[in-house]
Amino acid sequence: MDRIPSQMLKGILEGAILMIMAQGETYGYGLHETLADLGFGDIPEGTIYPLLLKLQKNGQIVGVRHPSATGPDRKYYHLTPLGEDAVTAFQGQWQQLAGAMTALITHGGDHDED
Amino acid sequence: MKTKLQQDNDARLAQLHGIDHLYAEELVSYLRSHTGRDYVALENSIGDILDDLADATAHGHSAKEYFGQDAQGAANTILQTIPRAGIGQLLTLWLPIMVYLLAIYVFPPFLQRAPRVGLGTLAVIAVITLLLVVAIPRMTALDEKKQNRAALFFILSPVIVGLLAGFAQHWADTQLTVPLTWPATDIVLLAVALLTGATAVWLRPLWVLPLPPAGLGVCAALYSWGLNAGPWQRTLAQLGLYWTVMALLGLGILFWFIWVMMHRDQYRIDLSESGR
């Protein structure tokens with residue numbers, strides 16, 4: 001699978017993280033693995049963590065640290081009501097963008113100019 | 001003296017071994033060198049990153065592969081997201097430095113009979129403070145090129161400081177020809193005392209940071225008055241007594257400076273929690 005250019009990922013990674021959290025709380029390493037499993041590629045923690053900080057600062061997610069049975073303490077992140085609103089907004093925007101891109105790919109340059 | 005936050009993060013760092021440990025150590029040092037960021041938020045972020053690195057290495061990743069090749073770029077992005085330190089937290093570094101410089105450059109020429117102080121002294125303090133403000137955050141870097149440049153700057157800095165300070169003093173003393181004399185020197189000392197006294201009121205209950213320099217400023221102003229106007233001018237001007245007073249003031253400031261620097265991170269936590 002080709003690597004997704006970082007510039008392309010930049011705009012959607014925040015939304016993708018929120019959507020993963022909408023399915024249940026997650027932690028830093030778990031998020032990294034989920035993104036990789038979904039096909040986003042090997043996104044470094046140095047890219048993910050600043051986004052987590054930003055989302056916390058915006059009040060869209062909350063991080064709570066608790067011990068893990070299998071290793072070091074982990075900070076688990078979950079959505080706040082503001083984050084849930086952001087997921088809804090992102091889904092609408094994404095569908096609009098995906099629809100536009102699909103139309104472009106399907107019909108190519110065949111659209112009418114009149 | 002390490003705070004509980006720092007000790008906890010050092011324990012996290014100790015969980016990493018070999019190259020992973022070195023990588024994380026450099027990253028943590030780089031983040032901690034940015035003293036303009038809120039201390040508690042910064043240490044909390046360091047804790048998060050170290051926990052994630054430990055998790056990743058336990059699952060067979062290397063720290064560098066997991067955190068990213070451009071560690072400095074990522075660290076800079078993280079730093080931009082961490083809130084800036086309040087003025088109180090910044091003062092835990094800059095107040096001791098300013099008072100120390102004042103003690104070195106101001107007390108000896110000000111505390112004399114009939115002092116005549118050129119404005120170059122003030123220019124020297126300004127130049128050295130400016131250099132420290134610019135240089136301190138640049139002393140650490142994560143990539144080799146920047147590290148080499150920082151090391152070169154560190155080696156050359158005493159020469160640069162010496163040349164610039166000498167130039168500033170020479171230029172200011174010859175161009176700005178209005179010297180300060182008594183009682184203007186006494187007014188300057190009292191102004192320093194008043195300013196640090198006002199800071200003490202603002203930073204209460206953290207008296208240990210601003211109150212001692214305020215007290216020393218008042219003592220210096222009183223001694224200067226005694227030397228130039230009081231009824232004991234001759235007694236106070238005796239060489240033995242003069243050097244005793246100077247040594248006591250110097251030792252007082254040195255002791256306070258070391259104390260503040262040792263407890264600085266705890267003060268930063270207290271100030272961070274009270275939003276200053």
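Residues numbered from 1 in each chain as written. Chains lettered and ligands numbered in written order. Predicted model: local features only at pLDDT ≥ 70, side-chain atom pairs only at ≥ 80, totals over all residues. Heavy atoms only, no water.

Q: Is there a simple way to explain the overall build of chain B in this structure?
A: Across its full length, chain B holds 13 helices and 2 strands. Here chain B, with 276 residues, has 44% of them falling under the buried criterion. (Helix = DSSP H or I, 4+ residues; strand = E, 2+ residues; numbered from the N terminus. Buried < 20%, exposed > 50% of the residue type's maximum accessible area, 1.4 Å probe, protein only.)

Q: When you look at the interface of chain B and chain A in this model, what are you seeing that I'm missing?
A: Interfaces are often sized by the accessible area lost when the parts come together. Facing the 24 residues of chain B at the interface are 20 residues of chain A. Buried area between chain B and chain A, both sides added, is near 1800 Å², and the carbon and sulfur share of it is 55%. Of all residues in chain B, the largest losses of buried area upon contact with chain A belong to Asp48, Tyr66 and Thr81 of chain B, amounting jointly to 32% of the total for that side. Counting every contact that joins chain B to chain A gives 4 salt bridges. (Contact = heavy atoms within 4.5 Å. Buried area = accessible area lost by both parts, 1.4 Å probe. Salt bridge = Lys/Arg side-chain N within 4 Å of Asp/Glu carboxyl O.)

Q: Can you help me understand the environment of valine 260 of chain B in this one?
A: Residue and element names in this part refer to chain B. Among the structural elements, valine 260 can be located in helix H13 (residues 239-273). Residue class for valine 260 comes out buried when judged on its relative accessible area of 0%. Counting along the chain gives 167 residues from valine 260 to leucine 93, while the straight-line C-alpha distance between them is 8.7 Å. When near neighbours in sequence (up to four residues on either side) are disregarded, valine 260 contacts Thr92, Pro96, Val208, Leu209 and Tyr267.

Q: Explanation requested: the pattern of salt bridges in the structure shown.
A: By the definition in use, this model includes 11 salt bridges over all chains. The shortest N-O distance in the salt bridge between aspartate 8 of chain B and lysine 4 of chain B comes to 3.0 Å. With aspartate 8 of chain B and lysine 4 of chain B both in helix H1 (residues 4-14), this residue pair falls 4 residues apart, about one helical turn. Under the relative-accessibility criterion, aspartate 8 of chain B is labelled partly exposed at 31%. Each of Arg65 and Lys75 of chain A together with Arg12, Asp48 and Asp51 of chain B takes part in salt bridges that share partners, so that together they form one network.

Q: Sorry, what's going on with the packing of aromatic side chains here?
A: Ring pairs (aromatic) are described by centroid distance and by the angle formed between their planes. Throughout the structure, instances matching the rule amount to 7 aromatic pairs over all chains. Summarising the aromatic geometry, the rings of tyrosine 223 of chain B and tyrosine 242 of chain B are spaced 6.4 Å apart at their centres and angled 35° between planes, so their arrangement reads as tilted. Of this pair, tyrosine 223 of chain B sits in helix H11 (residues 211-228) while tyrosine 242 of chain B is found in helix H13, placing the two residues 19 residues apart along the sequence. The buried category is assigned to tyrosine 223 of chain B, whose relative accessible area is 7%. Through successive ring pairs, a cluster of aromatic residues spans Tyr223, Tyr242 and Trp243 of chain B. Above the ring of tyrosine 27 of chain A, the side-chain terminus of arginine 74 of chain A is found at 4.0 Å from the ring centroid. (Phe/Tyr/Trp six-rings, centres within 6.5 Å; stacked < 30°, edge-to-face > 60°. Lys NZ or Arg CZ within 6 Å of the ring centre and 35° of its normal.)

By themselves, these observations are geometric and do not establish any function.
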